[in-house]
Amino acid sequence: MRAGTGRTGLPAGFELLLLASLVLVTVFLVYPLGVAVFRTLGEAPAGASAIAKSIESGALLRVLRNTALVVFGGAALATVVGAVLAFINERTDGSLGASGELLPLAPMIVPPIAGVIGWAILLDPRVGLVNGVLKDLLGRLGITLDNGPLDIYTPTGLIFVTGLYLVPYVYLIVAAALRGLDASLDEASRVHGASPLRTMVRVTLPAVRPAIAAGALTAVIGGIGLFSVPIVLGTAARMDVISVHIYRLFEQFPPQTATGLMLSAAMVAVVQFLLLAQRWLVPSEGHAVIGGRGGRAGLIRLGRWRRPAQGLAIGYLLATSVLPVLGLAIVSLQPFWTPIIDTKQFTLASYTFVLFENGPTSRAFVTSLGLGAATATAAVLIAALLLLGSRHSKGTLAKASDMVLTLPATLPHTVIGVAFLITFTPAPFKLYGTTTLLFLAYLAMALPFAARAAAAAASGIGADLSEASRIAGAGRGRTFLRILLPLSLPGLMAGWIIVFIHTAGEVTASSLLAGARNPVIGRVMTELWVFGSFPQLAAMSIVVTAVTSTGVAVMLYFTRRATLRG
Amino acid sequence: MNDIPSTPAGGSRRNFLHHAAGVVLAPPLLAAMPAFAQDAGLIAAARKEGKGSLYAVTDPAIIQALVARFKEKYGIEIEVTRLISGALGQRLTAEQDSGSPVADVVMDTDKLLQETLAARRYYVPITEIPGHQTYPDSAKTATSIIVSHIPYSLVWNTSLIKETPKGWEDLIDPKNKGRVLFIDPRVGGSPALWHVLMRETYGDAFLRALGQNGQAAPSAVPGLQRIAAGAQAIYAPGVHQVVVGLVAKNAPVGESFPQPTVSSDTCLSVMAKAPHPAIARLLSSFILSVEGQAILNKDGFSPIRGVPGTMALPKMTTPDFRTIKDKIPGLVSLLGLT
């Protein structure tokens, strides 16, 4: 019997459900883009000539070169750091436990723009707090510096911060795969006398190769779309990247929609190419999977490497979460940003302003967190249904699902915002100004992230379990619900958290779709950045960080409990 | 040149105002102004309409103070949406296309946007706004009224630069190399007008030297805060409203208005399809009134005379805003930003 068909050879009920869902999702994603393209066809020659002019002047090529440098540099850094941290935390006695699980997410939990400003507060060459400490230390060694030694406003600074922002993409996916991995391989390596480092490099990480590749690819995709880091740092570093370039095309008036859409189409092509490359480079067979037999064994003992490993993890956590949050916390209490920390000048005025005086803040919290949870749940369920459900069909359905779900991956959020705005504003939809429109746009943006997580989770589940389920008489739908879904829960939760945090703090599409009636956190933060002050932005970001990290901690706690019970 | 000396740390706001050239010291004009905002019929109609909606590009603290006073006075709440010009244009277009308008009143600095939307008949003629008569012709078009002048300034950190800079030339002075911050002309709206003015006044060499001397800022507000923190020493083109806010908090910043300079004017328009037409008119007339102007332009520049706490305008030049977009790639290239 061919996979993907019922006992009669015809598509079974569950397959029909999958097919219908896929068609629906395709229409949902393609229709708005089609409308946007159709509407701007008249401007197309202008767009083409603008691009031609841009290529001729070399400006566009420089933008593409900068983008490649930042994205691949950042993703490479993130892949190494994310995979090593996941290994330490999941497989060794150097694990930091629950806090180790929460804190690698910190660069994402601090909302976009504010987090980058936190870094600028630390690493500004003249007044950065970290630079101040380093200058003091070097001064004691007889080395006097006027500026630096670190400078965030450089290409290296931009790549570094981009990398840190991409670590969670890799970490969450690899950690989920490691958690589900049969430990007997590690044990075998250890029994044969391999060192922990050798075990990590030769055995454990290769066993989760698809997850690492999925993580790296997600990091690249996330990097191309990343906007907050290059908008804050790229201007001063003279590194114009594609997301900011396209943002500017839409942000000016009248917007250069045709040029923006053409460049976006090129980006979609790049991502599809990357996905194909991934399938070619990392075949889905030949790696470790969750077996129905065996179980978790003990953690790898690091011996004398335990402390350094813990130091590495703690150092990373300090560098990425504690320090920027501390920087922001200090500035949030100052009347204006100054490197002179005078506690007598500290004031809660910025907190009072953002919480009580700036009208939309409290509503923004309710809207954003609600939308974050709703979008994450919907996106993960859709991705799980399509990718896990079609996992063993190996046919066009699985491939088509993957392609469709990752379609919006590199569409800049501005483009998605514009497409949804012009599609769903006129009759019959008339969704302009509604929270439904925000939800739909967020869902479109969230699907690729959910899809990556679901794909990674699916690749870790062996065929034997679902086969056993089917032999025992369960249908595809029942196998999906009772076997595949529960087993992939940790991986799916990773996706849920990424989507939740992303959606709750989304900035660019929200600037078009959210308004006074349905304010969202990202919009309020952007307003404070463009029109307010650093202390206000810092105060808002401290509050947002507290709220989202509590939410994520609660989710992680329940997932872990569910996983352990399972 | 209209110099505003810095306020040293610990200096009072009053000192700052006394130093500020041309401050109008609260003449008792409020009672003498025409009572256009007091029209009982309009107020009653506005109250029946519920909540109003204002789209604005103004400092949140200032705009909150403005709508808070409006609510106190008339009992009518205003929801504020802050947008930069690109997003504002997209939204207003979407609102009109869908036949579901939200905005009642719009305050924006992008003249090209205003002209385009006026041609599409999005705005009512200003003759429908009570109080428009008190504004000079130079502050009006058929559908917009300038409610704030924001002349671009030179801003510096007084801890890093002790001597008041002489003018725009200080930005390209080799002694300031690596200490200059300037706004990226690609940000949209009116900042690029300043770059064009510099290019037309001092030639291409000025922008080239500026690019080599300094760093670009992605937006005015974050840029000025870096100056206040001492991350960079000198900045242009400064936005007076933001500088006033920093000086009020004793930040070590100084500001001057070298000649020639150009103004980023905030213009007010009433939407033709405003869902709350009476509120739109009442709110606009309040913003045009001396009381509204005193809140909106506190320590700043009003287009009408006799507003307490505002300053006399420096001399300003107006480059052609219609051609600005075509000039931006040239500016970016001279500044060496890509």
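As the structure is a computational prediction, the values presented were derived from the model and not from experiment.

K.L.:
Quick question: what am I supposed to make of the overall build of chain A here?
P.N.:
What chain A contains, in helices and strands, is 26 helices and zero strands. Classification of the 566 residues of chain A by burial places 56% in the buried group. The contacts in chain A between residues at least 6 apart in sequence include a share of 81% that link residues at least 24 apart.

K.L.:
Would you take a moment to explain the overall build of chain B for this structure?
P.N.:
Broken down by element type, chain B carries twelve helices and eleven strands. The 338 residues of chain B split such that 59% are buried. Nonlocal contacts in chain B, meaning residues at least 24 apart in sequence, comprise 79% of its contacts between residues at least 6 apart.

K.L.:
Help me understand the interface of chain A and chain B, please; the structure alone is not making it clear to me.
P.N.:
Interfaces are often sized by the accessible area lost when the parts come together. Between chain A and chain B, the residue contacts involve 46 residues of the former and 46 residues of the latter. Mapped by element, the contributors of at least two residues to the side of chain A that touches chain B are helix H3 (59-91), helix H12 (228-237), helix H13 (242-251), helix H19 (413-424), helix H24 (508-513) and helix H25 (521-531) of chain A. Looking at the side of chain A that touches chain B, its residues break down into 24 nonpolar, eleven polar and eleven charged.

K.L.:
Which parts of the structure should I look at to understand the nonpolar core?
P.N.:
In globular proteins that are soluble, nonpolar side chains generally tend to be buried together. Of all hydrophobic cores here, the largest spans 291 residues; its most connected members are Ile173, Val174, Ala383 and Ala454 of chain A. Counting residues per element, this core draws most heavily on helix H20 (residues 435-459) of chain A, at 19 residues. Taken domain by domain, this core gets at least three of its residues from each of domain 1 (30-149 + 265-296) and domain 2 (151-261 + 317-335) of chain B. Beyond its immediate chain neighbours, meaning those up to four positions away, isoleucine 173 of chain A contacts Ala211, Ala214, Gly215, Thr218, Arg452, Ala453, Ala456 and Ala494 of chain A.

K.L.:
Looking at this structure, how should I read unusual backbone geometry?
P.N.:
Most peptide bonds take the trans form, and the phi angle of most residues other than glycine is negative. Here the residue pair alanine 236 of chain B and proline 237 of chain B is connected by a cis peptide bond, since its omega of -10° sits within 30 degrees of zero. Mapped onto the fold, proline 237 of chain B is located in strand S9 (residues 234-238). The backbone phi angle of arginine 238 of chain A is positive, close to 55°, even though this residue is not glycine. Given 19 C-beta atoms within 10 Å, arginine 238 of chain A falls into the partly exposed group.

K.L.:
What exactly am I supposed to notice about the packing of H3 of chain A against helix H10 (residues 196-207) of chain A here?
P.N.:
Two packed helices can be described by the angle between their axes and the distance between those axes. All names here are of chain A. Where H3 meets H10, the axes come as close as 11 Å, and the angle between the chain directions of the two elements is 85°. Viewed along their axes, H3 and H10 adopt a mutual orientation that is roughly perpendicular. On the side of H3, the interface is formed by Ala83, Phe87 and Arg91, while H10 contributes Met200, Thr204 and Leu205. Per-class residue counts for the contact of H3 with H10 are four nonpolar, one polar and one charged.

K.L.:
What should I look at first to understand the domain arrangement of chain B in this one?
P.N.:
All names here are of chain B. We note that the domain assignment places domain 1 (30-149 + 265-296) and domain 2 (151-261 + 317-335) within chain B. Distance from the C-alpha centre of domain 1 to the C-alpha centre of domain 2: 30 Å. The residue inventory of the side of domain 1 that touches domain 2, partitioned by class, reads four nonpolar, four polar and three charged.

K.L.:
Where do I start with the confidence of the model for chain A in this structure?
P.N.:
If pLDDT is low for a region, its predicted coordinates should not be looked at in detail. All names here are of chain A. Considering every residue of chain A, the mean pLDDT works out to 78; 86% of them sit at 70 or more. Averaged over each element, pLDDT in chain A is lowest for helix H4 (residues 97-102) (62) and highest for H3 (89). In this model residues 1-10 is a low-confidence stretch, pLDDT under 50, and it forms twelve contacts with partners more than four residues away in sequence or in other chains. Here residues 284-296 is a poorly scored stretch, pLDDT under 50, and it has 28 contacts once near neighbours within four places are set aside; other chains count.

K.L.:
When you look at the packing of helix H6 (residues 191-202) of chain B against helix H12 (residues 324-335) of chain B in this model, what are you seeing that I'm missing?
P.N.:
All names here are of chain B. For the pair H6 and H12, interaxial distance at closest approach is 10 Å and the crossing angle is 70°. Compared by their axis directions, H6 and H12 come out roughly perpendicular. Along this stretch, H6 crosses H12, giving a crossing that reads as left-handed. Residues Ala192, Leu193, His195, Val196 and Arg199 of H6 lie in contact with H12, whose contacting residues are Ile324, Lys327, Ile328 and Leu331. In the contact of H6 with H12, the residues fall into six nonpolar, one polar and two charged.

K.L.:
Got a minute to help me understand the sheet that holds strand S5 (residues 145-148) of chain B in this structure?
P.N.:
Adjacent strands of a sheet pair through backbone hydrogen bonds, lying either parallel or antiparallel. Residue and element names in this part refer to chain B. Strands sit in the order S3-S2-S4-S11-S5 across an open sheet of five strands; the sheet is mixed. The open sheet is flanked by strand S3 (78-82) and S5, the only strands paired with a single partner. Strand-to-strand twist across the sheet, computed as the mean angle between neighbouring axes with direction ignored, equals 25°. For S5 and strand S11 (residues 266-270), the ladder comprises three bridges, and the chain directions are antiparallel. Bridging from a neighbouring strand, isoleucine 146 pairs with cysteine 267 of S11. Across the sheet, helix H10 (residues 277-288) lies against strand S2 (52-56), S3, strand S4 (105-108), S5 and S11, angled at about 155° from S11, the strand it touches most.

Reading the values: the criteria
Residues numbered from 1 in each chain as written. Chains lettered and ligands numbered in written order. Predicted model: local features only at pLDDT ≥ 70, side-chain atom pairs only at ≥ 80, totals over all residues. Helix = DSSP H or I, 4+ residues; strand = E, 2+ residues; numbered from the N terminus. Buried ≥ 20, exposed ≤ 12 C-beta atoms within 10 Å, placed from the backbone. Contact = placed C-beta atoms within 7 Å. Nonpolar A, V, L, I, M, F, W, Y, C, P; charged D, E, K, R; others polar. Core = buried A, V, L, I, M, F, W, Y, C linked by C-beta atoms within 7 Å. Domains from an automatic or database assignment. Axes fitted to C-alpha atoms, helices over the stretch in contact; angles between N-to-C directions. Parallel < 35°, antiparallel > 145°, perpendicular 65-115°, else oblique. pLDDT = per-residue confidence, 0-100. Left-handed = near helix turned anticlockwise from the far one by under 90°. Pairing = 2+ DSSP bridges.

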